[in-house]
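Residue-level structure breakdown
What follows is each chain in one-letter form.
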Amino acid sequence: TGVQTVALPISGEQPALVRSLADEAIRFIDCQKEGPFFCYVPFDAPHDPHIVPEGFPVQYDPKSMPAQPNFLPQHPFDNGDMAIRDELLLPWPRTPAAVAAMNADYYRYVSYLDLQVGRILDALAKSPHAANTIVVYAADSGVARGAHGLIGKQNLYEESIRVPLVISGPGIAKGKRTGAMCYLFDVLPSLGELCGVKGPGTSEGASLAPILKQGDGPGRPRLAFGYRKVQRALRDGPWKLIRYPEVNQTQLFNLDNDPHEMSNLADNPAHSGRVREMMSALAADLKAFGDTASLTVENPKPAAWFPPRPRRGGMNP
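Within the protein, the regular secondary structure consists of six helices and eight strands. If you list the helices and strands of the protein from N to C, you get β-α-β-α-β-α-β-α-α-β-β-β-β-α. Taking 20 Å as the expected radius of gyration for a compact globule of 317 residues, we find that the protein reaches 22 Å, a close match to that expectation. For the C-alpha atoms alone, the extent of the protein along its principal axes is close to 65 × 50 × 30 Å.

For the peptide bond that leads from Asp-48 to Pro-49, omega is 5°, which places it in the cis range. When you line up the elements, Pro-49 lands in the loop between strand E2 (37-40) and helix H2 (96-126). For Arg-145, which is not glycine, the phi dihedral falls at a positive 50°. Considering the arrangement of structural elements, one finds Arg-145 in the loop between strand E3 (135-138) and helix H3 (158-161). The class for Arg-145 is buried, based on a relative accessible area of 7%. For His-148, which is not glycine, the phi dihedral falls at a positive 60°. Following the sequence through the fold, His-148 ends up in the loop between E3 and H3.

This part covers a nonpolar patch on the surface. Residues Phe-38, Tyr-40 and Leu-188 make up a contiguous nonpolar surface patch of about 320 Å² in total accessible area. Its place among the elements puts Leu-188 in helix H4 (residues 187-195).

Simply put, disulfide is the name for a covalent bond between the sulfur atoms of two cysteines. One pass over the full model with this rule turns up zero disulfides. Cys-39 supplies the cysteine sulfur nearest to Cys-195, a cysteine that is in no disulfide, at a spacing of 14 Å. Here Cys-195 falls in the exposed class, since its relative accessible area comes to 52%.

Hydrogen bonds along the backbone pair up the strands of a sheet, which may run parallel or antiparallel. Pairing is antiparallel in the open sheet, where four strands are placed in the order E5-E6-E7-E8. With partners counted over all chains shown, the strands left at the sheet margins are strand E5 (222-227) and strand E8 (249-254), one partner each. Between one strand axis and the next, the sheet turns by 10° as a mean value, whatever way the strands run. Inspection of the sheet shows strand E6 (residues 231-236) paired to strand E7 (residues 239-244) by five bridges, in the antiparallel sense. Pairing of Arg-232 across the sheet is with Arg-243, part of E7.

The next subject is the confidence of the model for the protein. Here the protein shows a mean pLDDT of 92. Residues at 70 or above account for 93%. Across residues 9-13, where pLDDT falls below 50, the model places 13 contacts with residues more than four positions away in sequence or in other chains.

Cut-offs and rules
Residues numbered from 1 in each chain as written. Predicted model: local features only at pLDDT ≥ 70, side-chain atom pairs only at ≥ 80, totals over all residues. Heavy atoms only, no water. Helix = DSSP H or I, 4+ residues; strand = E, 2+ residues; numbered from the N terminus. Rg over C-alpha atoms; globule rule 2.2 N^0.38 Å. Buried < 20%, exposed > 50% of the residue type's maximum accessible area, 1.4 Å probe, protein only. Patch = residues over 30% accessible without salt bridge, like charges linked within 9 Å, V, L, I, M, F, W, Y side chains within 5 Å. Areas by Shrake-Rupley, 256 points an atom, 1.4 Å probe, with all protein chains shown as cover. Salt bridge = Lys/Arg side-chain N within 4 Å of Asp/Glu carboxyl O. Disulfide = S-S within 2.5 Å. Pairing = 2+ DSSP bridges. Axes fitted to C-alpha atoms, helices over the stretch in contact; angles between N-to-C directions. pLDDT = per-residue confidence, 0-100. Contact = heavy atoms within 4.5 Å.

Spelled out as structure tokens, the structure:
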């Protein structure tokens, strides 16, 4: 009750609009003479195209880009959406040089976004609310950018589904990093508990407030993920299972030993029991979320995939 709120709209992908979102957030903060308030700033950066203003001084040399340990020229099988828009940003086979050039532009755009976030935080620091405002920084997705032979976010590898989540403010442990697992939709009920605001009983979000206060603690025991009807995944502790029902492919990774998901253990007889258990747990979690997609299909397609023929001019369709 009495909370002043602004939800700034996603306004496009040009740098002037990215800056304008920061400008509006700063204006809103400057207008807050009394609390409480809630300000949500949904930057679209660093979504492509990676355009920054002329004269922006930050540059990255593609030759200095860190090598990707899980780079591949092409994904080893059909993941169900191999030629979606994001995957057309580079032709096949991917090359380290082309990926490095793309990532150099991407890092530059991230730096421009970082500048705008810094401007907002500076405005908050100068305001009378600096000491009693909770700040949340997160992203809606990751992106492959060459990992596993993929470019976009339409997959369930860690590069695409794992996102930054940084929360600071009064009552929150300082300088702590936790391995507790959560969904992004857990953030709002967490803020509600920290601020003494009860959420609706129908909310599926789980509060992270105890973890935020103590700096660590148990999060969700496991996480389920999905992309369209072609990919499903389950994270259970260090174990990650990805299922591709339409091509009857399964991957199993131990993220403690293999954080870049390079060694598929699904066909290892020593892990057959774990695969069965995780498939069963994944099916149960999907059912609980109301996901009716099947983890198996009657007539799977061949897993092999070949890039579409390039159009004239050398780009894939």
